[in-house]
Each structure stands twice: as C-alpha cells, then as structure tokens.
Amino acid sequence: MKASIVGAAAALALATAPATAIARDTISIVGSSTVYPFATVVAERFGRASGQPTPKIESTGSGGGMKIFCQGVGENTPDITNASRRMKTSEFELCQKNGVKDITEVQIGYDGLALANSVKGQDMDITLRDLYLALAKDVPDPKGGEKLVPNPYKTWKDVNPALPNIKIEVIGPPPTSGTRDSFNELGVEGGCKTFDWLKAMKGQDKDKYKAVCRSIREDGAYIEAGENDNLIIQKLESTPDALGAFGYSFLDQNRGGVKAVKINGVEPDMNTISSGDYPMSRSMFFYVKKAHVGVVPGIEGYIKEFTSERAWGEEGYLVDKGLIPSHKDERKKWAKNAAALNSMTGKEL
C-alpha cells in the first residue's frame, strides 16, 4: 500500500512537472567558446564533489548557444547557456516567444578580447582607429571629406605609417561567436567612433551607424576560423605576420607561442582588464533556464559551485585558467542573485 502510494506520487510529480528535461539526469550546457574552459573546470569539480554526472558542455559560440537555449523548454533543450557578452534584447524576446519565460542571469567575471601574433612576429601597438581602418568594410575616404569608400588598405603601413609594412591578415571567430560580437563592438566600432562625423551618425540613424561601424570587410583581410580558438593559435604559430582575435584566457595559456598586441598603448593583463584601462575588456555570463531547475538534477549545485569563492574568487581555481574576477562586492551581488534564481525582466539589457 505504502509503496503504491509513493509510486503514484512520483508518477504524479512527473506528470505535473513542466515540459522540461525530465528524462535527463545530466545537465546540458551550450554557448561561448571563451567561457567553455571555465565551465568545464567547474563541471568537473562539481561532478567529483557531488557524485552526480558531470555536466555535458558544448562549445557552440555565444550566439549559437542563445539560439539553442531559446528554442523552448523541454528534454531536448539545454539548461544553461554561456556567453562572452550579455544577452541581447532580441534573444530575450526570442526566449519569451518560445516559452522560456524565467531566466536567471549570472555574471562570472571579466575577460579581455586580445589581439595577438606569433612570438616570431613583429611587436605591434595599434590604436582602435587603426583596427577600424584595417578591418571595416567601408572606411572614410583617404582623400578626405565625410564620405565612405570600400576599404582600400592592404598593409598595416597603409593604415598608419608608424606600423609595419606587412599584409593585413586577422584570424578570428565567426558571426555566431560572442567574441566576434565583442570584437566588432569594442574594437572596430571603438575605432569608428574616433571619427566625430561617424559617431554623430548614431544619434541620427542607429541602424546605419551599426552597419557602418560594425561591418567587417570580406576580401580576405579577416579570416573566419570557426569556434575553436585553439585553431587560431595554431595558425598564428605557422603564420608569423598574421594577427589573431580571441579571449585573453587563450593568450595567457599560450604565451610560449603567441604574444599580445598592444591596443592604444595598453597590453592586456589581469589588472588592465579589470580596471577597464585595456580598451577591449568585457564581462562574461551564463544564463539558467529556471523551468529546468528541480527537474534536471544538480543545476542548483552547479550554480553554487560556479559562484563560490573557491571557484571565481581572487584566489579561486578559475583564476589559474585565466578568469579575471569581478570585484568582491560585485561577486556577492551576483552570487546572491544566482542563489535566489531571480528572473530577468529584460530591462537589464
């Protein structure tokens, strides 16, 4: 009698649970290739400490992860998505449209978007304006005047006489990557805004401004290398004159083969990135589908591990992997938000 009541209660719980991943006992995580190594370490630690299955993590890129995450609620959708930039308003709206109503946002720390080249290559110090002129699809006419022309620059010396006379060749992530979003916004757009007449365009025609200031040339100067940052490292080691764009953590882990390019005279390191002195620093996040919490086992435990001081604190094990910690007060705020599983409203974006 007692056994049958327990069995009936369990069946009722499953029947009345939301249409989530009730058939899975392993946490499913997708998203950013930059956050991937941090999430992997946390997952392994969580698995060992809890005795539960180690979460399955796929490196899909931030944009790709958001698209999968926002497909809906259920067994075939992920529980968490990682992102090397904040969720976009359009992504939040897609989630809402597809029934992913309650989402918890957690900022995990900082990363710098690094430009690097082979240790065999020349030392370089470029400005954000140099970067824009080198890689934008259309640029201000070199002959003068407030008009745009298809990018004519072939070498870095063409862009700026103080730079080396080497071919412009930058290897970086595809449009699905959060790193690419950050590169376009912090780097290319950052340089675009140094032209007053282009900066003024933002207040006049925001869509046109984005098209002008974030569009990358497609004539071979920028080479898409997929979501695997390790492939970029390998290509740089075999192509000394090329530059690569990826998260600071990958630069830090591969210093034997590559070195940083200074941006506006500042080299990326933990201090310059956390202080904001380095022009291309960014926040990293993960997002939790609340409808899956309590249905897929271990989600709350994984969140607790990731937001613990032993993980993301100043002396935490993620620092050894290249994570740049948020300030103490900021960590407390995000840890509290994560523990409470507070839902986003969309106004944060």
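Higher on the page you've got the structure.
Residues numbered from 1 in each chain as written. Predicted model: local features only at pLDDT ≥ 70, side-chain atom pairs only at ≥ 80, totals over all residues. Heavy atoms only, no water.

**Q** I'm lost on the packing of helix H8 (residues 196-204) against helix H9 (residues 206-214) in this one. Help?
**A** In helix packing, the relevant descriptors are the interaxial angle and the interaxial distance, both defined with respect to the helix axes. Running from amino to carboxyl end, H8 crosses H9 at an angle of 145°, the nearest separation of the two axes being 6 Å. Between H8 and H9 lies a crossing of left-handed hand. Between H8 and H9, the residues in contact are Leu 198, Lys 199, Met 201, Lys 202 and Gln 204 and Lys 206, Lys 208, Tyr 209 and Val 212, respectively. Tallied by class, residues from the contact of H8 with H9 come to 4 nonpolar, 1 polar and 4 charged. (Axes fitted to C-alpha atoms, helices over the stretch in contact; angles between N-to-C directions. Helix = DSSP H or I, 4+ residues; strand = E, 2+ residues; numbered from the N terminus. Left-handed = near helix turned anticlockwise from the far one by under 90°. Contact = heavy atoms within 4.5 Å. Nonpolar A, V, L, I, M, F, W, Y, C, P; charged D, E, K, R; others polar.)

**Q** What am I meant to see in unusual backbone geometry here?
**A** In terms of backbone geometry, most residues other than glycine have negative phi values and most peptide bonds are trans. If you check the backbone angles, Asn 264 has positive phi at about 55° while not being a glycine. Tracing the sequence through the fold places Asn 264 in the loop between strand E12 (262-263) and helix H12 (270-275). Unlike most non-glycine residues, Leu 341 shows phi in positive territory, near 50°. By the secondary structure assignment, Leu 341 is in the segment after helix H15 (328-340). The exposure class assigned to Leu 341 is buried, which follows from its relative accessible area of 11%. (Buried < 20%, exposed > 50% of the residue type's maximum accessible area, 1.4 Å probe, protein only.)

**Q** Would you explain the state of the cysteines in this entry?
**A** Tallied over the entire structure, the rule returns 2 disulfides. Bridging Cys 70 to Cys 95, the disulfide has an S-S length of 1.9 Å. Taking the torsion about the S-S bond as the criterion, the Cys 70 to Cys 95 disulfide, at about -75°, is left-handed. Placement of Cys 70 in the loop between helix H3 (62-69) and strand E3 (80-83) and of Cys 95 in helix H4 (residues 89-97) is noted, with a sequence separation of 25 residues between them. For the pair Cys 70 and Cys 95, one class covers both residues: buried. (Disulfide = S-S within 2.5 Å.)

**Q** Would you explain the pattern of salt bridges in this entry?
**A** Between side chains of opposite charge, a pair can form when the charged atoms approach closely. By the definition in use, this model includes 15 salt bridges. The partner of Glu 224 in a salt bridge is Arg 180, and the shortest N-O contact between them spans 3.4 Å. Of the two residues, Glu 224 is situated in strand E9 (residues 222-224) and Arg 180 in helix H7 (residues 178-192); the sequence distance between them amounts to 44 residues. In this structure Glu 224 comes out as partly exposed when scored by relative accessible area, which is 44%. We classify Arg 180 as buried; its relative accessible area is 9%. Put simply, Glu 314 and Arg 331 hold a salt bridge, and the shortest N to O gap is 3.8 Å. Pair noted here: Glu 314 is in the loop between helix H14 (309-312) and H15 and Arg 331 is in helix H15, with a separation of 17 residues, a long-range link. A network of salt bridges, in which partner residues are shared, links Arg 85, Lys 88, Glu 91 and Asp 181. (Salt bridge = Lys/Arg side-chain N within 4 Å of Asp/Glu carboxyl O.)

**Q** I'm lost on helix H5 (residues 128-135) in this one. Help?
**A** Think of an α-helix as turning once every 3.6 residues; residues three or four places apart then point the same way. For H5, a buried count of 7 out of 8 residues is recorded, marking the element as mostly surrounded by other parts of the structure. Those residues of H5 not exposed but buried are Leu 128, Asp 130, Leu 131, Tyr 132, Leu 133, Ala 134 and Leu 135.

**Q** It is not clear to me how the pairing of E3 should be interpreted in this structure. Could you clarify?
**A** On a regular strand, each side chain points to the face opposite its neighbour's, so the side chains alternate between the two faces of the sheet. Where burial is concerned, the two faces of E3 agree: the one with Ile 80 and Asn 82 and the one with Thr 81 and Ala 83 are both buried. Of the strand pairs in this sheet, strand E1 (residues 28-31) and E3 are connected by 3 bridges, and their pairing is parallel. The residue of E3 that forms the bridge with Ile 29 is Ile 80. As defined by bridge partners, E3 adjoins strand E13 (residues 281-289) across 4 bridges and the pair is classed as antiparallel. Bridge assignment links Ala 83 to a residue of E13, and that residue is Phe 285. (Pairing = 2+ DSSP bridges.)

**Q** How do you make sense of the packing of aromatic side chains when you look at a structure like this?
**A** Two numbers describe a pair of aromatic rings. These are the distance of the centres and the angle of the planes. Inspection of the entire model under this criterion finds 8 aromatic pairs. Pairing Phe 285 with Tyr 287 gives two aromatic rings, centres 6.0 Å apart and planes at 25°, and the pair type is stacked. No difference in accessibility class separates Phe 285 from Tyr 287, as the two residues are buried. With a centroid separation of 5.9 Å and an interplanar angle of 85°, the aromatic rings of Tyr 302 and Phe 306 are classed as edge-to-face. Of the two residues, Tyr 302 and Phe 306 both sit in helix H13 (residues 299-306), 4 residues apart, roughly one turn of that helix. Assessed through its relative accessible area of 0%, Phe 306 is described here as buried. (Phe/Tyr/Trp six-rings, centres within 6.5 Å; stacked < 30°, edge-to-face > 60°.)

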